[in-house]
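Observations on the three-dimensional arrangement
What follows is each chain in one-letter form.
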Amino acid sequence: MKNKSLVSINDFTREEHVRILELAGAFENRPKQKILEDFVVATLFFEPSTRTRLSFESAATRLGARVIGFTDASSSSVQKGESLRDTILTVSNYCDIIVMRHPKEGSARFASEVAKVPIINAGDGANQHPTQTLLDLYSIMKTQGTLDNLNVAFVGDLKYGRTVHSLVMALCNYNTTFHLVSPLELKLPSSVKLSIKERNLEYHQYTDLQEVIPKVDILYMTRIQKERFSDPLDYEKVKNAYVLRNNMLGDSRSNLKILHPLPRVNEITTDVDDNPKAYYFTQALNGVYVRQAILCAILGVVD
Amino acid sequence: MEKEDIRKELKVSAIENGTVIDHIPSQSVFLVMKILNLTKYPDQLLFGNNLDSRKMGKKGIIKVSNKFFQSDEINKIALVAPTATLIIIKNFQVVEKKKVRIPDFADNIVKCFNPNCITNNEDIPTKFTVINKKDLKLHCHYCEKITARENITFLE
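Values in this document were obtained by computation on a predicted structure and should not be read as measured data.

This part takes up the pairing of strand β5 (residues 151-155) of chain A. Residues and elements named next belong to chain A. By the criterion of burial, β5 is predominantly enclosed, with 5 of the 5 residues buried. Along β5, one buried face is formed by N151, A153 and V155 and the opposite face, lined by V152 and F154, is buried too. Two strands pair when backbone bridges link them, and β5 and strand β6 (residues 177-181) are joined in this way by 5 bridges, in the parallel orientation. Within β6, the position partnered with V152 by the bridge is F178. Across 4 bridges, the pairing between β5 and strand β8 (residues 218-221) is parallel. For A153, the partnering residue across the bridge sits in β8 and is L219.

Spelled out as structure tokens, the structure:
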């Protein structure tokens, strides 16, 4: 993986995914190691994403790396009209690796083609966010002891949610049975369903959340955004249909864990937080270990 | 040669050596010339447009003297002119006739239909993989979205 950019989840093979998860486990045991002291990590956030940026900066700083960068485009030369190409070419002189978030789809792929250093995509518009997918895989692996043969439910906005698309595609490598719960307007796009079908995997679609809960090992919740609906009335009809409450978990499996990419608004009520099956905040912590693993693998300080 | 061809040959004179690109949809003639970089071609270039065609109603034709295209070069025009026929002429004689074939890749010919794609927001050449030749579906190398036949527009 040394010097390889991570733009799309499919840029890394299944074996490389497994290696990242192993490394993340090692960092979970020893998160503070000064093994990146000789490195400079640039975090270029062309649009703000506090959570992702802090997670990366925490990962880099705990390993002793120096972090430089900007937190949104208005405080950078982009505002003066500099092209993405010029920004990337310039910044790659100053650092060993670039972590970038950009509002336009394909920006990270382009950056990886012009940069002299590897690029980690921290989200390019609605396209890809591979480090989120890897931390989701890590969370599933850690809580279930395996990635193979699991029943995974995805709930909420399956049409626009980029985390859902990438995770579904990654899980297609592990003989997953998919349970897809969404309003009719927000069903999983056929292009993503095609990846499930190509692997001859089983999937079921539902509009009701309650009936799926007893069937699954992982419940992956997402937020339904009002602006996705052309008719506000359609939103009003479904907005409360995909809310998870603690009293709905009575029949759930003992190994069930609830995941959410965060931020949460109201789709998981706060009374779920104290249930041991709630895992979303630990999932965010796992993000730091996974990003430590990715930085080290790409910078070549671990094999 | 068919009668139609003979009539047409009268409208656009014959060439001694080179390539004739026939059966081009009328609206695509100038695009084809642009894609093949013929607008600055230094040798003899003859073309006709909106000519009567029994097969197509109206069609265009381009005759390029002393030019023999590589197949990956010529196949680029299949995206705009899937009906086109290539006729290789040597010494005023037809030596070969073939249909254009849709290529596996399309570089900097088509616009990505996704307005949020980086190629529509910065000065970046587009790059596609043709994932379906029958229904014409192009997978954008950058934003990873699919541009289908009904959404295809060509770069200016």
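There is more to say, and it comes next.
With that settled, consider the confidence of the model for chain B. Residues and elements named next belong to chain B. Residue-level pLDDT values for chain B average 89, and 93% of them are 70 or greater. Taken element by element, the predicted model of chain B shows its lowest mean pLDDT in helix α1 (residues 3-11) (54) and its highest in strand β1 (residues 18-24) (96). In the model output, the complex is listed with pTM 0.86 alongside ipTM 0.88.

Quoted interface sizes are often the accessible area lost when the parts come together. Residues and elements named next belong to chain A. Here the domain parsing of chain A yields domain 1 (9-128 + 285-299) and domain 2 (130-284). The distance between the C-alpha centroids of domain 1 and domain 2 comes to 26 Å. Across the boundary between the two partners, domain 1 contributes 28 residues, which contact 27 residues of domain 2. The contact between domain 1 and domain 2 buries some 2,200 Å² in all, and 58% of this surface belongs to carbon and sulfur atoms. Ranking the residues of domain 1 by area buried against domain 2 places I9, L21 and N286 at the top, with a combined share of 28%. Taken together, the links from domain 1 to domain 2 amount to 1 salt bridge. Taking the shortest distance from any N to any O, the salt bridge between K142 and E28 comes out at 2.7 Å.

With that settled, the discussion passes to the sheet that holds strand β4 (residues 119-124) of chain A. Residue and element names in this part refer to chain A. In space, the 4 strands of this open sheet follow the order β2-β1-β3-β4, with parallel pairing throughout. Each edge of the open sheet carries a strand with a single partner, namely β2 (66-70) and β4. Sheet twist, expressed as the mean angle between neighbouring strand axes with direction ignored, is 15 degrees. Relative to β2, strand β1 (residues 40-45) runs parallel, the two being bridged by 5 bridges. From the neighbouring strand, L44 faces β2, where its bridge partner is F70.

The next thing to look at is the packing of aromatic side chains. Two numbers describe a pair of aromatic rings. These are the distance of the centres and the angle of the planes. What the rule picks out here adds up to 7 aromatic pairs over all chains. Plain terms: the ring middles of A:F46 and A:F70 are 5.2 Å apart, the flat faces sit at 85 degrees to each other, and that makes the pair edge-to-face. Of this pair, A:F46 sits in the loop between β1 and α2 (50-62) while A:F70 sits in strand β2, placing them 24 residues apart in sequence. A:F46 gets classed as buried once you look at its relative accessible area, which sits at 8%. Looking at A:F70, the relative accessible area reads 13%, which means it is buried. Pairing A:F154 with A:Y220 gives two aromatic rings, centres 5.5 Å apart and planes at 40 degrees, and the pair type is tilted. With a gap of 66 residues between them, A:F154 in strand β5 and A:Y220 in strand β8 connect regions that are remote in the sequence. No difference in accessibility class separates A:F154 from A:Y220, as the two residues are buried. Between the NZ or CZ atom of A:R291 and the centre of the ring of A:F56, over which it lies, the distance is 4.9 Å. The ring of B:F68 is capped by B:K90, whose NZ or CZ atom sits 5.1 Å from the centre of that ring.

So, how was this worked out
Residues numbered from 1 in each chain as written. Chains lettered and ligands numbered in written order. Predicted model: local features only at pLDDT ≥ 70, side-chain atom pairs only at ≥ 80, totals over all residues. Heavy atoms only, no water. Buried < 20%, exposed > 50% of the residue type's maximum accessible area, 1.4 Å probe, protein only. Helix = DSSP H or I, 4+ residues; strand = E, 2+ residues; numbered from the N terminus. Pairing = 2+ DSSP bridges. pLDDT = per-residue confidence, 0-100. Domains from an automatic or database assignment. Contact = heavy atoms within 4.5 Å. Buried area = accessible area lost by both parts, 1.4 Å probe. Salt bridge = Lys/Arg side-chain N within 4 Å of Asp/Glu carboxyl O. Axes fitted to C-alpha atoms, helices over the stretch in contact; angles between N-to-C directions. Phe/Tyr/Trp six-rings, centres within 6.5 Å; stacked < 30°, edge-to-face > 60°. Lys NZ or Arg CZ within 6 Å of the ring centre and 35° of its normal.

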